[in-house]
Every structure is written in structure tokens, then in C-alpha cells.
Amino acid sequence: PLDRGVVLPGAHLALVAEADLTGRRRVHRRARGARRGQDYYDALGTGDTESACALLTSRTREGIQQTLEQLQGQAGGQLPTTCAQILKLTVGRGQPSRLLRPEVLLSLRRQGDDAFLIYKAGDGKVYSIAMKDESGDWRVGGVSASALAT
């Protein structure tokens, strides 16, 4: 019996095994949402907050911008004005971001365009972060992940 299927593009052939249908197999590649989560933490870890902001959902970026605009009015213009600037202040650079970076993908729980990426990070803890499919491109739905009780 076959334990997994195979695709032979040159022969225009795909062979499907029972494990492919039942889902009882190892993941061969990370889901796109998982890669986006890892890209987000990689960008934060190197201090590239512009790229990290670009990986956030449009709703999260809009929420950050609205909050900044409200605070600007109260503080007289002494606060950061962009998503990238606020991420620099709130997340910092280096070690904390690397520790939260997905090391082992445990699950990508999806319902429609929404999902939760559940993963084990470099600090050994299990985390969850919201993800959203925006026009076929996965985006991170929050500034930071939440630790899950294990």
C-alpha cells in the first residue's frame, strides 16, 4: 500500500493515496498562512517593521492608524505616526521576536477567510495568532501572538 500520493507533472498524472484523503499524514510543506506568520516574526526580529506592517491585515493596520490619530490629538503631535514606528516601540528588535517565531507548525485552523495559526515557538511555548486571507494572500491578524495553556 502507498502511504502518500505523488504528482508527476510531466506525465500529467496525480496518484492519490488513502492518507491523502483521510489527512493522516505528515505535512510536506508549510501552509501559506504559516509562512506568513514566520515572515512576520522574521521581519520584526531584524527590525524591518515596514515589512512586518505590510504582512498585517488591512483591518489591523487601519486600527493602528486610528489609534495613533486619536493619541496624536491628545499628545500634541509627539507620538509616532506610522505602523512601522509603533511596531519599533512596542515590539523592539531581536531576541523577543526570534523567540516568538514559529518553529513547529501544529495546526492552521481555518474557517472561510479566517484562521488561527497554532505553533510552537523558539521559547518552547505554544502560541496562536489570527490570520486572514485577503484576496488570496494570507495576512497576520494581530500585532502579537497569544500564549496558549498547555
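This one's a predicted model, so the numbers in the text were calculated from it and none came from an experiment.

**Student:** Help me understand the overall build of the protein chain in this model?
**Tutor:** Assigned secondary structure in the protein chain consists of six helices and seven strands. Tracing the protein chain from N to C terminus, the helices and strands come up as β-β-α-α-α-α-α-α-β-β-β-β-β. Across the 150 residues that make up the protein chain, the buried fraction comes to 30%. Look at the contacts in the protein chain between residues 6 or more apart in sequence, and 40% of them connect residues 24 or more apart. For the protein chain, the exposed area adds up to about 9,600 Å²; of that, 51% sits on carbon and sulfur atoms.

**Student:** Can you help me understand the state of the cysteines in this one?
**Tutor:** Working definition: the covalent bond between the sulfur atoms of two cysteines is a disulfide. Scanning the model with the defined rule gives one disulfide in all. One disulfide bridge connects C53 with C83, the sulfur atoms lying 2.1 Å from each other. Here the disulfide of C53 and C83 is left-handed, its torsion about the S-S bond being about -95 degrees. Placement of the pair is C53 in helix α3 (residues 49-54) and C83 in helix α5 (residues 83-91), with a sequence separation of 30 residues. Given the relative accessible area of 6%, C53 is considered buried. For C83, a relative accessible area of 10% puts it in the buried group.

**Student:** Can you help me understand the pattern of salt bridges in this one?
**Tutor:** Proximity of charged atoms lets side chains of opposite charge pair with each other. Scanning the entire structure with this criterion turns up four salt bridges. Two residues, R36 and D137, come together in a salt bridge whose shortest N-O distance is 2.6 Å. Of this pair, R36 sits in helix α2 (residues 32-45) while D137 is found in strand β6 (residues 137-140), placing the two residues 101 residues apart along the sequence. One salt bridge in this structure joins D137 and R139, with 2.8 Å as the shortest N-O distance. On the accessibility criterion, R139 (17% relative accessible area) is buried. Residues joined in a network through salt bridges with shared partners are R36, D137 and R139.

**Student:** Help me understand the packing of aromatic side chains, please; the structure alone is not making it clear to me.
**Tutor:** Within a pair of aromatic rings, the relevant descriptors are the distance that separates the centres and the angle that separates the planes. Scanning the entire structure with this criterion turns up two aromatic pairs. Between Y40 and Y41, the ring centres sit 5.2 Å apart and the planes meet at 75 degrees, which makes this aromatic pair edge-to-face. Of the two residues examined, Y40 and Y41, each falls in the buried class. Ring centres of Y119 and Y127 lie 5.9 Å apart, and the angle between their planes is 25 degrees; on these two criteria the pair is classed as stacked. Each member of the pair, Y119 as well as Y127, is classed as buried.

**Student:** Sorry, what's going on with the side chain of D133 here?
**Tutor:** Along the chain, the position of D133 falls in strand β5 (residues 126-134). In terms of polar contacts, D133 uses its side chain to reach the backbone amide nitrogen of G136, at 2.9 Å. Among residues more than four places away in sequence, those in contact with D133 are R110, D113 and W138.

**Student:** Hey, could you run me through the nonpolar core in this one?
**Tutor:** Side chains that are nonpolar tend, in soluble globular proteins, to be buried together. Residues Y40, Y41, L87, Y119, I129 and M131 are the most contacted members of the largest nonpolar core, which totals 23 residues. Of all elements in the fold, only α2, α3, α4 (58-75), α5, β4 (114-121), β5 and β6 reach the threshold of two or more residues within this core. When sequence neighbours within four positions are dropped, the list of residues in contact with I129 reads Y41, A115, F116, L117, Y119, V140, G142, S144 and A145.

Procedures and definitions
Residues numbered from 1 in each chain as written. Predicted model: local features only at pLDDT ≥ 70, side-chain atom pairs only at ≥ 80, totals over all residues. Heavy atoms only, no water. Helix = DSSP H or I, 4+ residues; strand = E, 2+ residues; numbered from the N terminus. Buried < 20%, exposed > 50% of the residue type's maximum accessible area, 1.4 Å probe, protein only. Contact = heavy atoms within 4.5 Å. Areas by Shrake-Rupley, 256 points an atom, 1.4 Å probe, with all protein chains shown as cover. Disulfide = S-S within 2.5 Å. Salt bridge = Lys/Arg side-chain N within 4 Å of Asp/Glu carboxyl O. Phe/Tyr/Trp six-rings, centres within 6.5 Å; stacked < 30°, edge-to-face > 60°. Polar contact = N/O pair within 3.5 Å; in protein donor to acceptor, adjacent residues only side chain to side chain. Core = buried A, V, L, I, M, F, W, Y, C linked by side-chain atoms within 4.5 Å.

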